[in-house]
Amino acid sequence: MYPSQMTMNQLVKRVLYHLGDAEETTSSTRRIWDRDEIITYLKEGLRNLVVRTEILWDMAYLEDLPFASNYTAPWEKAWFQPGEVFQSDSSFNFPWEWEWQVQKGGLGPSNHDQPWEVPFLLETYLAARVRLPERVLKIDRAVNGNRRLLPPRSSELRDTDALYETTTGTVEAYTLDGDSPRVFRKWRIPATPASQYNVIGRWGTLRSGFQETGVVIVAAASVMRIDEFAIVPAASVVPNDGAFLISAFFDGFDPSPTGATTSILTIFSFGLNQIPEFSSAIIPGGDGFAELAQEDQILLIPTKWGIVRRFPGYHPMGHTWGIPRRLAQNTANTRIEFFRKPHVPAGIWDNFELPRYMLRYLRFYAMGKAYRRRGPGQDLKLADHYEGRYDRAVARVIKRKNAFYRSRRVILGGSASGESRRVPRAQPPWQVVKDPH
Amino acid sequence: MTYDELIDEVLTRLNEGTSAPPVYWNREDVQEALVDGLLDLSDEVEWNEEVVHLLLLARRPYYDLRTCIEREILSFRGGFSIATQRWLTPRDTRELDFHIYTLWEDNTGSEDQAVLRGLWWLGLHPRPEGDGNTIRAYVTTMPADPVMSEELPEIPEIDEALREYAIAEAYGQDQQTQQYLIHFASYERAKERIRSYVENRLNYDRNWVFMER
């Protein structure tokens, strides 16, 4: 958690307080705005703020892999049982080329419906059209194998390559028009599948490190680390027959921000040999050893261990927080970098992902809406006032996004990026002081 | 002047005696308003400038400034590489793609260029090969919540700005719209003077030295 995150409940209370309608001091019969109304305004404001400012940035892989479909023949559809989940992209169901080409919004083709079938197929298809992830707001950059893709219109693609819908080869461009507003078309259709890792196991979290040669390995390599919490424990194990002892040395372990001088060392089940249940020990703050003994177990502990939070060279996608679930390689793979929609708090105890100062903007938005609503409490002057404050805040955020780039100095004969600026006026060196009089 | 003294002033201006029990507004209300005013002022003027060290990790694509710096960051103003002893050149990804090196993301080495994605994601080029290097990041942040017995920040007229903001907030919560707007306008005028002070700190002397006016 970064500093001063707030829950929906806390923010609703703040808004009601500033409206002079605090739940703590105003009886329920005399209150003007209820919390459901304010929650609606806050959620609306959150979406509005993020869409207008484009502050949330993320990336995702539109992998050049033969995707599995929901079914490979139309007759299979009738055999789906209630509760069986269609894959999220329900239009990706067309086994034969003529079907997906004539079907509106159809993505495909596909000739298998389970990922494990791929090695046994004589022919696999890589799709040129991929549906954009739901959270995508606007694409900022797209790459294939870390090489930027050009974004031509479909009309330009037609002029460039009359057979652009069927040409296969290296992906060099993409377009977003001509198919469907949310469909990303790669040009050309990928000729070779992307590199991918062989993952041992079918579900759960990634627990071990990996080598970049393409195999996720069970025993962690030294690249694994936990770097989110300023805790990088080095653990070693003395295995013996039937019992083990873990000695973990904490180097420079900081006391928690709350001032606690101890923390809890938790041992999770790991690798092929499982610890039957979580075990923990209290460890002191500062440098020191912690020891935890467990009877009748043999296990393998790498030099560094825990839940993997981040891998070198990989960006956490989807959310700032969480645990990586899937790793995609860049080689021959398509990746998009985009501005995304916000994660709207589902419940009142969920945190906003925006920092506290931005939640004030949401407060202005909600107060503007609350004062504008017809009925008791309506005050159009205050509504205008708060809406104005919200709009100014949005403009401020947009300006800040560009502050760093605009800080670059313009140099005579500099790069093309400075073309729009005026060349600075020639000035004497700073040591030269002219007589002001 | 301390925040506590400012609270007393605001209560007096609201006709709430500090000795008698409060009628409409108490100290906590005014304190809330002062903190809110400080946040508003800091957000708009960006007077709280800081330099922090950012620990670099091997080939990390982007650093989330919200978590790496652990403050409420407003804007990233610049970076200085300790390894190269150079300032990081601000870049746009289009420049890196089309003018620097097509596969710039594959480059490793000592960082000398930086790109900001969204508002908080800082990318470096080239990416460090190993852990442990640092850059100095020049940022503007929101100040920490003040302790009421502490002095106000040493910025001219900040007491007037906060006082007017707190009075406006008090009237606003009581639906006294006219009073609210009057005092908020006073706050805005004081805020603009503070903004002018912050942005033009050097101008008085500089104008004479460089004959810019």
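Here's what I pulled together on the structure shown here. Every chain is numbered independently, its residues counted from 1 as its sequence is written. Numbering of ligands from 1 and lettering of chains from A proceed in the order in which they are written. The model is predicted, so local features are restricted to residues of pLDDT at least 70 and side-chain atom pairs to those at 80 or more, both for listing and for counting; the totals for chains, interfaces and linings are taken over all residues. As a rule here, side-chain values come from all non-hydrogen atoms in the structure, and water together with hydrogens is ignored.

### Quick notes on the overall build of chain B
Using the following cut-off: Runs of H or I in DSSP of at least four residues are treated as helices and runs of E of at least two as strands, each being numbered from the N terminus. Burial classification: accessible surface area is computed with a 1.4 Å probe over protein chains only, and a residue below 20% of its type maximum counts as buried, one above 50% as exposed, and the rest as partly exposed. Note on contacts: a residue pair qualifies if any of its non-hydrogen atoms lie within 4.5 Å across the two residues. Throughout, the Shrake-Rupley method with a 1.4 Å probe supplies accessible areas, and for residues the shown protein chains are the sole cover considered. Counted as positive: Lys and Arg. Counted as negative: Asp and Glu. His and the chain ends are not counted at all. To locate a charge, take NZ of a lysine, CZ of an arginine, CG of an aspartate or CD of a glutamate.
Each helix and strand counted, chain B has 7 helices and 8 strands in total. Overall, chain B is about 70 × 45 × 30 Å in size when its C-alpha atoms are taken along their principal axes. Out of the 213 residues in chain B, the part that is buried amounts to 54%. A fraction of 69% describes how many contacts in chain B between residues 6 or more apart in sequence connect residues 24 or more apart. When the accessible surface of chain B is totalled, it reaches about 9500 Å², and 46% of it is carbon and sulfur. The centroid of the 21 positive side-chain charges in chain B is displaced by 8 Å from the centroid of its 42 negative side-chain charges.

### Digging into the interface of chain B and chain A
Rules: In this description, buried area is defined as the sum, over both parts, of the accessible area (probe of 1.4 Å) that is lost when the two are combined. In the sections that follow, a salt bridge refers to a side-chain nitrogen of Lys or Arg positioned within 4 Å of a carboxyl oxygen of Asp or Glu. Definition of a polar contact: a pair of N or O atoms within 3.5 Å, with one able to donate and the other able to accept a hydrogen when the atoms are protein atoms, and with sequence-neighbouring residues admitted only if both atoms are side-chain atoms. Nonpolar residues are Ala, Val, Leu, Ile, Met, Phe, Trp, Tyr, Cys and Pro. Charged residues are Asp, Glu, Lys and Arg, and all others, Gly as well, are polar.
Counting from both sides, the interface comprises 66 residues of chain B and, opposite them, 71 residues of chain A. Of the roughly 6100 Å² buried at the junction of chain B and chain A (both faces included), carbon and sulfur atoms supply 51%. Three residues stand out in chain B for area buried against chain A, namely Arg 66, Glu 72 and Pro 90 of chain B, and they jointly supply 10% of the buried area on that side. Taken together, chain B and chain A are joined by 19 salt bridges. Two residues, Arg 94 of chain B and Asp 140 of chain A, come together in a salt bridge whose shortest N-O distance is 3.5 Å. Remark: the boundary between chain B and chain A carries 34 residue pairs in polar contact (both at pLDDT 80 or more). By residue number, the principal contributor to the side of chain B that touches chain A is helix α2 (residues 27-45) of chain B, which donates 7 residues. Looking at side-chain class alone, the side of chain B that touches chain A contains 27 nonpolar, 11 polar and 28 charged residues.

### What about helix α4 (residues 93-100) of chain B?
Those residues of α4 of chain B lying buried are Thr 93, Glu 95, Leu 96 and Asp 97 of chain B. Buried residues along α4 of chain B sit in contact with β3 (136-144), β4 (147-148) and α8 (403-406) of chain A together with β5 (89-91), β6 (113-117) and β7 (121-125) of chain B. The N-cap of α4 of chain B, judged by a side-chain oxygen 2.9 Å from the amide nitrogen of Arg 94 of chain B a few residues on, is Asp 92 of chain B.

### Let's talk about the pattern of salt bridges
Residues and elements named next belong to chain B. On inspection of all chains with the given rule, the structure shows 51 salt bridges over all chains. Across the pair Asp 8 and Arg 27 runs a salt bridge whose closest N-O atoms are separated by 2.6 Å. Residue Asp 8 is found in helix α1 (residues 3-13), and its partner Arg 27 is found in helix α2; the two are separated by 19 residues along the sequence. When its relative accessible area of 31% is taken as the criterion, Arg 27 is described as partly exposed. A salt bridge links Lys 191 to Glu 188, with the nearest nitrogen and oxygen atoms 2.5 Å apart. Here Glu 188 and Lys 191 lie together in helix α6 (residues 177-199), a separation of 3 residues that amounts to about one turn. A residue is classified by how much of its surface remains accessible, and Lys 191, at 1% relative accessible area, is buried.

### Concerning the packing of helix α2 (residues 35-53) of chain A against helix α6 (residues 356-372) of chain A
Residue and element names in this part refer to chain A. Rules: Comment: axis = line fitted to C-alpha atoms, over the contacting stretch for helices; angle = value between 0 and 180 degrees taken between N-to-C directions. Each angle receives one of four descriptions, namely roughly parallel if under 35 degrees, roughly antiparallel if over 145, roughly perpendicular if within 65 to 115, and oblique otherwise. Crossing handedness follows the turn of the near helix against the far one: under a right angle anticlockwise gives a left-handed crossing, and clockwise gives a right-handed one.
At their nearest, the axes of α2 and α6 sit 8 Å apart, and the two run at 125 degrees to each other. Overall, the two elements α2 and α6 adopt an arrangement that is oblique. Where α2 crosses over α6, the handedness of that crossing is right-handed. Across the interface between the two elements, Ile 38, Tyr 41, Leu 42, Glu 44, Gly 45, Leu 46, Asn 48 and Leu 49 from α2 touch Met 358, Tyr 361, Leu 362, Arg 363, Tyr 365, Ala 366, Lys 369 and Ala 370 from α6. Residue composition of the contact of α2 with α6, grouped by class: 11 nonpolar, 2 polar and 3 charged.

### Brief notes about the sheet that holds strand β3 (residues 73-81) of chain B
Residue and element names in this part refer to chain B. As a reminder, the rule being used: A pair of strands is treated as paired once DSSP finds two or more bridges between them.
As summarised here, the arrangement of the 4 strands in space is β1-β8-β3-β4, forming an open sheet in which the pairing is antiparallel. The strands lining the two open edges of the sheet, one partner per strand, are β1 (49-55) and β4 (86-87). Sheet topology places β3 next to strand β8 (residues 134-141); 7 bridges connect them, and they run antiparallel. Across the sheet, the residue bridging to Ile 73 is Thr 141, located in β8.

### Focus on the sheet that holds strand β2 (residues 129-131) of chain A
Residues and elements named next belong to chain A. Pairing is antiparallel across the open sheet formed by 3 strands, whose spatial order is β2-β7-β6. Each having just a single partner strand, β2 and β6 (173-175) make up the two edges of the open sheet. With strand direction ignored, the average angle separating the axes of adjacent strands in the sheet is 30 degrees. Pairing analysis gives 3 bridges linking β2 to strand β7 (residues 183-187), with the strands arranged antiparallel. Pairing of Arg 131 across the sheet is with Val 183, part of β7.

### Quick notes on the packing of aromatic side chains
Heads up, the condition is: Any pair of Phe, Tyr and Trp rings, taking the six-membered ring for Trp, is counted once the centres come within 6.5 Å. Such a pair is stacked with planes under 30 degrees apart, edge-to-face with planes over 60 apart, and tilted for the rest. Any Lys NZ or Arg CZ that is within 6 Å of a ring centre and within 35 degrees of that ring's normal is treated as a charge sitting over the ring.
For the coordinates displayed, the defined rule picks out 17 aromatic pairs over all chains. Geometrically, the ring pair formed by Trp 25 of chain B and Tyr 171 of chain B is edge-to-face, given 5.7 Å between the ring centres and 85 degrees between the ring planes. With a gap of 146 residues between them, Trp 25 of chain B in the loop between α1 and α2 and Tyr 171 of chain B in helix α5 (residues 158-173) connect regions that are remote in the sequence. Exposure remark for Trp 25 of chain B: the relative accessible area of 8% places this residue in the buried category. Pairing Tyr 180 of chain B with Phe 184 of chain B gives two aromatic rings, centres 5.7 Å apart and planes at 25 degrees, and the pair type is stacked. Residue Tyr 180 of chain B and its partner Phe 184 of chain B are located together in helix α6, separated by 4 residues, close to a single helical turn. For the residue pair Tyr 180 of chain B and Phe 184 of chain B, the accessibility class agrees, reading buried in each case. Ring pairing ties together the aromatic residues Trp 33, Phe 364, Tyr 371 and Tyr 386 of chain A together with Tyr 165, Tyr 180, Phe 184 and Tyr 187 of chain B, which thus form one cluster. One cation-aromatic arrangement involves Arg 188 of chain A over Trp 187 of chain A; the distance from NZ or CZ to the ring centre is 4.4 Å. Across the ring face of Phe 339 of chain A, the terminal group of Lys 401 of chain A is positioned such that the distance to the ring centre comes to 4.8 Å.

### Comments concerning the nonpolar core
What counts is decided by this rule: Among buried residues, the Ala, Val, Leu, Ile, Met, Phe, Trp, Tyr and Cys ones that are joined through side-chain atoms within 4.5 Å form a nonpolar core.
By size, the foremost hydrophobic cluster in this structure holds 93 residues, and its most contacted members are Ile 38, Leu 42, Leu 354, Met 358 and Tyr 361 of chain A together with Trp 120 and Leu 122 of chain B. It is α6 of chain A that provides the largest number of residues to this core, a total of 11 residues. In this structure, Tyr 361 of chain A is in contact with Leu 49, Tyr 390, Ala 393, Arg 396, Val 397 and Arg 400 of chain A together with Asp 43 of chain B, ignoring residues within four places of it in sequence. Grouped together as the second largest cluster of nonpolar side chains are 13 residues, Leu 62, Val 171, Tyr 174 and Phe 338 of chain A included.

### Observations regarding the pairing of strand β16 (residues 334-340) of chain A
Residues and elements named next belong to chain A. With 7 of its 7 residues buried, β16 lies for the most part within the structure. Here 5 bridges tie strand β1 (residues 57-61) to β16, and the two strands are oriented antiparallel to one another. Residue pairing in the sheet places Ala 60 in a bridge with Ile 336 of β16. Across 7 bridges, β3 lies against β16 in antiparallel orientation. What sits directly across from Arg 141, in β16, is Glu 337.

### Brief notes about the side chain of Lys 186 of chain A
Residue and element names in this part refer to chain A. Along the chain, Lys 186 turns up in strand β7. Residue classification places Lys 186 among the buried residues on the basis of a relative accessible area of 0%. At a separation of 2.9 Å, a polar atom in the side chain of Lys 186 contacts the main-chain carbonyl oxygen of Leu 62. A distance of 2.4 Å separates polar atoms of two side chains, one belonging to Lys 186 and the other to Asp 64.

Function cannot be read off these values alone, since they describe shape.
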